[in-house]
Amino acid sequence: YLQQDSSINMDVATVVTWRKFCNKLWNATAFCLYHVEKSEIKGYNIESVASLSLEEKWILLRLEECIMKCTAGLESIDLGAVTHSIREFVID
């Protein structure tokens, strides 16, 4: 969105869309943190992953990919890649 004259072309609809996405992400995080704090699970290991369903393994794989992309994006200061990978994980 940046041009040579340093003006910013901002689409209000895009801002509203991202605000709604951030709100969903916030609510999902709060929900997960609430339920994880109540559970006995302290982490996972090979045995616990082996007993998971195919869908749960797929989610963990996607989460691991998201974490790797976010880490790479943060290290290279590419916040667009970070937000894209988070959105891709949550929405897709």
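Not measured: the values here are computed from a predicted model.

Undergrad: Please explain the state of the cysteines as it appears in this structure.
TA: As used here, a disulfide is simply a covalent bond connecting the sulfur atoms of two cysteines. The tally for this structure, following the rule as stated, stands at zero disulfides. We note that Cys66 lacks a disulfide partner, and the nearest cysteine sulfur, in Cys70, lies 4.0 Å from it. What makes Cys66 buried here is its relative accessible area of 9%.

Undergrad: Just to check I follow, could you spell out helix α3 (residues 54–75) for this structure?
TA: An ideal rise of 1.5 Å per residue puts 32 Å on 22 residues; α3 measures up with 32 Å between its terminal C-alpha atoms. When α3 is considered as a whole, its buried residues turn out to be Arg62, Cys66, Cys70 and Gly73. Buried positions in α3, seen along its axis, are confined to an arc of 75 degrees and lie on one side of it. Along α3, exposed side chains directed more than 90 degrees from the buried face belong to Leu54, Met68 and Glu75. For α3, the secondary structure elements touched by its buried residues are α4 (79–91). The first or second residue beyond α3 is Ile77, which carries a positive phi of 55 degrees.

Undergrad: Please explain the pattern of salt bridges as it appears in this structure.
TA: The full count for this structure, using the stated rule, is one salt bridge. We note a salt bridge from Glu88 to Lys69, for which the minimum N-O separation is 3.1 Å. One end of the pair, Glu88, is in helix α4; the other, Lys69, is in helix α3, with 19 residues separating them in the sequence. On the accessibility criterion, Glu88 (25% relative accessible area) is partly exposed. Given the relative accessible area of 44%, Lys69 is considered partly exposed.

Criteria and thresholds
Residues numbered from 1 in each chain as written. Predicted model: local features only at pLDDT ≥ 70, side-chain atom pairs only at ≥ 80, totals over all residues. Heavy atoms only, no water. Disulfide = S-S within 2.5 Å. Buried < 20%, exposed > 50% of the residue type's maximum accessible area, 1.4 Å probe, protein only. Helix = DSSP H or I, 4+ residues; strand = E, 2+ residues; numbered from the N terminus. Expected span 1.5 Å × (residues − 1). Arc of directions from axis to C-beta. Contact = heavy atoms within 4.5 Å. Salt bridge = Lys/Arg side-chain N within 4 Å of Asp/Glu carboxyl O.

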